[in-house]
Amino acid sequence: MSHHGVGHSAPSGARGTARATTTAPQPNDGGTSRRLRRSIAFLTAGALAVPLLAGCGSDDEGSKPLAGPDIAAVARDAVAEGGTLKMAVDAVPETLNTFQADADAGTTRVAQAVLPSMFTVDATGRPVRNPDYLESAKVIETEPRQVVLYKLNQQAVWSDGREIGAADFAAQWRALSGKDSAYWTARNAGYDRIAQIERGANDLEVRVTFDRPYADWRSLFSPLYPKDVMGTPDTFNDGARRKLSVTAGPFKVDKVDPAKKDVVLTRSPRWWGRPAKLDEIDLHAVPRDKRASALADGTVDVADIDASEAERIIIAGRDKGTGTPLQGAGRTSAKKLRSWALALGMDEEKLPKGPQKLRKSIAKWLEQQQELRAFDVRKSLEPAYTQLALNGSEGPLADERVRRAVARALDRKALAKLVLGPLGLPAVPVGSHLGLSGQAVYTDSSGALGDVDTHEAQALLADAGWVAGGPIKAAGKAAGAEGEKGEKGDKGDKGDKGEKGDGDPEDKSDGGRDGQYIVGEDDKGPDGKDTRDHQKDHAHGAPGAYAPKGTAAPRGAGAPAGPLAKDGQALSLRFVLPSGPGSGTLQAVADQISKMLDKVGILTEIKKVPDDSYFKDHIAAGQYDLALYSWPASPYPATDARPIYAKPVVAADGSLNVEQNYTRVGTDQVDQLFDQALGTLDEDEADGLLRKADSRIWASAGSLPLYQRPQIVGARKGLVNVGAFGFRTPVYQDMGFLKKGAKVSASPTRG
């Protein structure tokens, strides 16, 4: 039931401003480690000269979402009054303050139900004014400084009866401005551009003056906390962790009960808008691999589930009660019981040994299947995409030609089909790092790299010096980033040597630093200016872009004979994956990527690591060559995507500050385009600048968007206005159970 990209690891609603170093994910200041922990929450492992490159993208203006919301939508008059909705979350939130580092998806859901948001997100992924709180909000001055005037709904009050007003806006600005380190904030983007907040012509008006133009001003004050929370560092840091006494939404926080793994929300008597249909919403913590069982035993009514659990529900709905080996008085062998269990779809790894235990497991499974007939599957596409990240800090992937070769070797359409095809969802590869189909900024800019072409990939590798048949040193480590850094971050995994991809050599060569450079600096002339002709270099990924003129791409059947090598090093890349529940899809995608790379002579070694160390010890620490993880798609890409693609800079202590750019690939030109987009109040101009930035991000080949993540929800039949929301912000006051005699119109998967 996710929104804003909730998935394997739940995003909290917007990308933050985490920082990491190349040596380890250690803080550069007191707040950095908190921001880094926040990154873990929404970096979802599954479980992103101005005219240059303008022609690299296709014209996708007016695009629509590939899949719309699937929520069993009905009008409010078809929803019964009362009832309790039990909703699964990954964990009881550690905090109810969305601006703290340990906020998670549960925090976001609570905030959406109980706090004001000036703007929400519609079904196309675009921000829209929330009339429950705002009569209007617009830029009224641009010179000498930008001024936004908010006119508040005159009925909008906090649950203690006080009017929502300028004092609340000002308290939140001061807490999140970044000027007072006593506030333990995870992000301050946008708030750091505000110069002044004051009352307007009356108590219902709030004037916000910016010291620098800010295109994404709509991203601010959503959610808005009362001044009781934001007013002092003590109340900000500790006052809203396990309680939220003052609220202003259709629901209020009744209690947070970690022992029972519950957050209980009840209908707010002070709510002025359309009253909530439900009496209560219970957010109950359920592990991802226990969701089907929790639905079957009534612990929850709705839950995000994976594809295998969705298949169970679908099969349960079709089941007519066929016979099983448990019927009759005769004895059944363990072998037959095991075969029957596998035929039912039970997890082979979890099957007990011995016929008696098997019979009990099958009986329990069948009982659950009977209960699951009361549920249906609702599916859409998450506002998030899965990417292949290429660590460009050192090793072979520090060479842009090798990264581009990896990109040209991948059939992204086939990978999207692998994941989305079996679910009946549109299998269309993502064409932008900065938006998804339906959003205003979206344009398919993947042409900056070019389509899949194994011959061109081989030509790029040859031009980079990687050739077949060269000598390979018979010693320890491969030529990837982890080969150079050793196994730092893998301590405790000594028993897990990883799994070799097809064609992995038994003898891996010594690591090396050949081709290492800080991206974007080696193309500067003596005066510091960029000397490359980027339009020539990157336009549409033209064949021969890097090979000397007249050099033919190598042709022939299949991969080169023997591994590619350079300076005695085999071209072998460490592919790091999480190993926890729900990682099966990523494993399948990684296997296919390994086969595609093998065809051009790039070997891969798959390394599975525990979920709790995947981000901290590998992605953030730079201990990988290839990795799969996801980013949420923001309605405010100029703000939220900039730290993900910002050029890494050397900090005062000599460490490399990568912000959230865990591929370590960036350029000054991309940074400049983001800054220009943030500083213009012309929305069309901002979108154009972001599209140009996206073309450059594609051309640098640090990250390759693959597919929009599937969003699959199991929901009790008769539960309405709940399910797979896609881009859309949930409307909690409209959720409930269908009235007797009312009907639900079919929810199309395609938008």
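Structure: above.
Residues numbered from 1 in each chain as written. Predicted model: local features only at pLDDT ≥ 70, side-chain atom pairs only at ≥ 80, totals over all residues. Heavy atoms only, no water.

(A) Expanded view of the sheet that holds strand β15 (residues 564-566). As summarised here, the arrangement of the three strands in space is β13-β15-β16, forming an open sheet in which the pairing is antiparallel. Strands at the two margins of the open sheet, each flanked by one partner only, are β13 (467-468) and β16 (569-570). (Pairing = 2+ DSSP bridges. Helix = DSSP H or I, 4+ residues; strand = E, 2+ residues; numbered from the N terminus.)

(B) A look at the side chain of Asn721. With respect to the secondary-structure elements, Asn721 resides in the loop between β23 (719-720) and β24 (736-737). Judged by its relative accessible area of 8%, Asn721 falls in the buried class. Look past the residues within four positions of Asn721 in its chain and what remains in contact with it is Ile71, Ala72, Ala73, Val74, Val79, Asp734 and Met735. (Buried < 20%, exposed > 50% of the residue type's maximum accessible area, 1.4 Å probe, protein only. Contact = heavy atoms within 4.5 Å.)

(C) Up close: the pairing of strand β19 (residues 626-632). The element β19 is largely enclosed, with a buried count of seven among its seven residues. Side chains of β19 alternate between two faces, with Leu626, Leu628, Ser630 and Pro632 and Ala627, Tyr629 and Trp631 buried alike. Bridging between strand β12 (residues 375-390) and β19 involves seven bridges; their strand directions are antiparallel. Directly across from Thr386, in β19, lies its bridge partner Ser630.

(D) The arrangement of the packing of aromatic side chains in detail. According to the stated counting rule, one finds 16 aromatic pairs in the structure shown. Ring centres 5.5 Å apart and planes at 85° place the aromatic pair Tyr133 and Trp272 in the edge-to-face group. Of the two residues, Tyr133 is situated in the loop between β3 (127-129) and β4 (134-141) and Trp272 in the loop between β9 (262-267) and β10 (280-285); the sequence distance between them amounts to 139 residues. Each member of the pair, Tyr133 together with Trp272, is buried. Pairing Trp631 with Tyr662 gives two aromatic rings, centres 6.3 Å apart and planes at 10°, and the pair type is stacked. Linking Trp631 in strand β19 with Tyr662 in the loop between β21 (656-657) and α19 (668-679), this pair joins segments that are 31 residues apart in sequence. (Phe/Tyr/Trp six-rings, centres within 6.5 Å; stacked < 30°, edge-to-face > 60°.)

(E) Highlighting the pattern of salt bridges. Under the criterion given, the structure shown has 27 salt bridges. Between Arg207 and Glu141 there is a salt bridge; the shortest N-O distance is 3.6 Å. With Arg207 in strand β7 (residues 205-210) and Glu141 in strand β4, this pair connects stretches of sequence that are 66 residues apart. On the accessibility criterion, Arg207 (22% relative accessible area) is partly exposed. Its relative accessible area of 30% is what places Glu141 among the partly exposed residues. It is possible to trace a salt-bridge network through shared partners that takes in Arg76, Arg274 and Asp734. (Salt bridge = Lys/Arg side-chain N within 4 Å of Asp/Glu carboxyl O.)

(F) View of helix α7 (residues 307-318). With 12 residues, α7 extends 17 Å from end C-alpha to end C-alpha; this agrees with the ideal 16 Å at 1.5 Å per step. What α7 keeps buried is the set Glu309, Ala310, Arg312, Ile313 and Ala316. One face of α7 carries all of its buried residues, which in axial projection span an arc of 155°. (Expected span 1.5 Å × (residues − 1). Arc of directions from axis to C-beta.)

(G) Representation of the sheet that holds β4 within the structure. Sheet architecture is open: four strands sit in the order β4-β5-β7-β6, paired in antiparallel fashion. At either margin of the open sheet sits one strand with a lone partner, and together these are β4 and β6 (194-199). When the angles between neighbouring strand axes are averaged without regard to direction, this sheet yields 15°. Pairing analysis gives five bridges linking β6 to β7, with the strands arranged antiparallel. (Axes fitted to C-alpha atoms, helices over the stretch in contact; angles between N-to-C directions.)

(H) Examining the nonpolar core more closely. Core analysis: the biggest nonpolar cluster contains 108 residues, and Met118, Tyr150, Phe221 and Tyr645 have the highest contact counts within it. Beyond its immediate sequence surroundings of up to four residues, Met118 is in contact with Val128, Arg129, Asn130, Tyr133, Leu134, Tyr150, Leu152, Phe169, Leu220, Phe221, Ser222 and Leu224. Ala310, Val406, Ala409 and Val419 belong to the second-largest nonpolar core, a separate cluster that totals 60 residues. (Core = buried A, V, L, I, M, F, W, Y, C linked by side-chain atoms within 4.5 Å.)

(I) Structural view of helix α2 (residues 105-114). For α2, the buried fraction is high: 10 of the 10 residues fall into the buried class. Of the residues making up α2, those classed as buried are Ala105, Gly106, Thr107, Thr108, Arg109, Val110, Ala111, Gln112, Ala113 and Val114. Taken together, the buried residues of α2 touch β1 (84-89), β8 (251-257), β9, β10 and β11 (302-304). Structurally, the start of α2 carries an N-cap: the backbone nitrogen of Gly106 is 3.0 Å from a side-chain oxygen of Asp104. (Polar contact = N/O pair within 3.5 Å; in protein donor to acceptor, adjacent residues only side chain to side chain.)

(J) Fine view of the environment of Leu390. Structurally, Leu390 is set in strand β12. Overall, the relative accessible area of 0% leaves Leu390 in the buried class. Taking the C-alpha atoms as reference points, Leu390 and Leu626, 236 residues apart in sequence, are found 5.0 Å from one another. Contacts of Leu390, omitting those with residues within four sequence positions, involve Leu397, Arg403, Val406, Tyr624, Asp625, Leu626, Thr663, Val665, Ala701, Gly702, Ser703 and Leu704.

(K) Representation of the environment of Thr98 within the structure. By secondary structure assignment, the location of Thr98 is in the loop between β1 and α2. C-alpha of Thr98 to C-alpha of Arg187: the two residues are 89 residues apart in sequence and 9.9 Å apart in space.

(L) Fine view of the packing of helix α11 (residues 412-420) against helix α15 (residues 584-598). In contact at an axis separation of 10 Å, α11 and α15 are set at 155° when each is read in the N-to-C sense. With respect to α15, the axis of α11 lies roughly antiparallel. Note that α11 runs across α15; the crossing there is right-handed. Where α11 approaches α15, its residues Ala414, Leu415, Leu418 and Val419 are matched on the opposing element by Thr585, Ala588, Val589, Gln592, Ile593 and Met596. (Parallel < 35°, antiparallel > 145°, perpendicular 65-115°, else oblique. Left-handed = near helix turned anticlockwise from the far one by under 90°.)

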